[in-house]
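Letter by letter, the chains look like this.
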Amino acid sequence: MAVSISNIIPAKTAEATQVTQYTSNGVQTIIDKFTATNYSASAATISVNLITAAGTAGNDNLIVKTKTLQPAETYTFPELVGHVLPNNGFISTIAGTASAINIRASGRLVS
């Protein structure tokens, strides 16, 4: 078994549509950190789903629903830390407002 540390979602702006941000290809992924920062002047929301292979985003895999971030607030999502994505499992997000929230995640890839 090999374990490597990875920046699984490089810093980017979360989209206002449901988007796959990371897929665990050929490995299992342990989420160590997931950070979101609201860089806008207004409150903004974000939701996060952890989905198994061939699944789709829905209430059955919703981990964080419409988390409100105040202007300039950063949140580190303890709800996601330690979760394991199986091979082909993925992280999907949706922001309530386009161009408001930056996200980034890191984790361990186990093969």
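Bear in mind that the values here come from a model prediction, so they are computed numbers and not experimental data.

A. Structural context of the overall build of the chain. In terms of regular secondary structure, the chain is built from zero helices and nine strands. Secondary structure elements of the chain occur, N-terminal to C-terminal, as β-β-β-β-β-β-β-β-β. Computed over C-alpha atoms, the radius of gyration of the chain comes to 13 Å, within 12% of the 13 Å expected from 2.2 N^0.38 for 111 residues, which places it in the range of a compact globule. Structurally, the chain occupies a C-alpha span of about 45 × 25 × 20 Å along its principal axes. Relative to its 111 residues, the chain shows a buried fraction of 38%. Sequence-distant contacts, at least 24 apart, represent 83% of the contacts inside the chain between residues at least 6 apart. The distance from the centre of the 6 positive side-chain charges to the centre of the 5 negative ones in the chain is 4 Å.

B. Just the packing of aromatic side chains, in detail. Under the definition given, this model contains two aromatic pairs. For the ring pair F34 and F77, a centre distance of 5.2 Å and an interplane angle of 85° mean the geometry is edge-to-face. Of the two residues, F34 sits in strand β3 (residues 28-38) while F77 sits in the loop between β6 (74-75) and β7 (84-85), which places them 43 residues apart along the sequence. One exposure class covers both F34 and F77, and it is buried.

C. Broad picture of the environment of G26. Considering the arrangement of structural elements, one finds G26 in the loop between β2 (19-23) and β3. Judged by its relative accessible area of 58%, G26 is exposed. When the C-alpha atoms of G26 and R108 are compared, they prove to be 13 Å apart, with 82 residues separating the residues in sequence. Apart from the residues within four sequence positions on either side, G26 is in contact with N87 and S111.

D. Local environment of the sheet that holds β2. Ordered by their spatial adjacency, four strands build an open sheet running β2-β8-β4-β5, and the pairing between neighbours is antiparallel. Of all strands in the sheet, those bounded by a partner on one side alone are β2 and β5 (62-69). This sheet shows a mean twist of 20° between the axes of neighbouring strands, independent of strand direction. Across six bridges, the pairing between strand β4 (residues 44-51) and strand β8 (residues 90-95) is antiparallel.

E. Inspection of the pattern of salt bridges at higher detail. Taken as a whole and assessed by the stated rule, the structure comprises two salt bridges. Residue E15 pairs with K12 through a salt bridge whose shortest N-O separation is 2.6 Å. With a relative accessible area of 25%, K12 lands in the partly exposed category. Two residues, D32 and R108, come together in a salt bridge whose shortest N-O distance is 2.9 Å.

F. A look at the nonpolar core. With 25 residues, the main nonpolar core has F34, F77 and I91 as its most contacted residues. Beyond its immediate sequence surroundings of up to four residues, I91 is in contact with I8, I9, V19, T20, Q21, Y22, I31, F34, V48, N49, L50 and L85.

Definitions and cut-offs
Residues numbered from 1 in each chain as written. Predicted model: local features only at pLDDT ≥ 70, side-chain atom pairs only at ≥ 80, totals over all residues. Heavy atoms only, no water. Helix = DSSP H or I, 4+ residues; strand = E, 2+ residues; numbered from the N terminus. Rg over C-alpha atoms; globule rule 2.2 N^0.38 Å. Buried < 20%, exposed > 50% of the residue type's maximum accessible area, 1.4 Å probe, protein only. Contact = heavy atoms within 4.5 Å. Lys, Arg positive; Asp, Glu negative; His and termini not counted. Charge placed at Lys NZ, Arg CZ, Asp CG, Glu CD. Phe/Tyr/Trp six-rings, centres within 6.5 Å; stacked < 30°, edge-to-face > 60°. Pairing = 2+ DSSP bridges. Axes fitted to C-alpha atoms, helices over the stretch in contact; angles between N-to-C directions. Salt bridge = Lys/Arg side-chain N within 4 Å of Asp/Glu carboxyl O. Core = buried A, V, L, I, M, F, W, Y, C linked by side-chain atoms within 4.5 Å.

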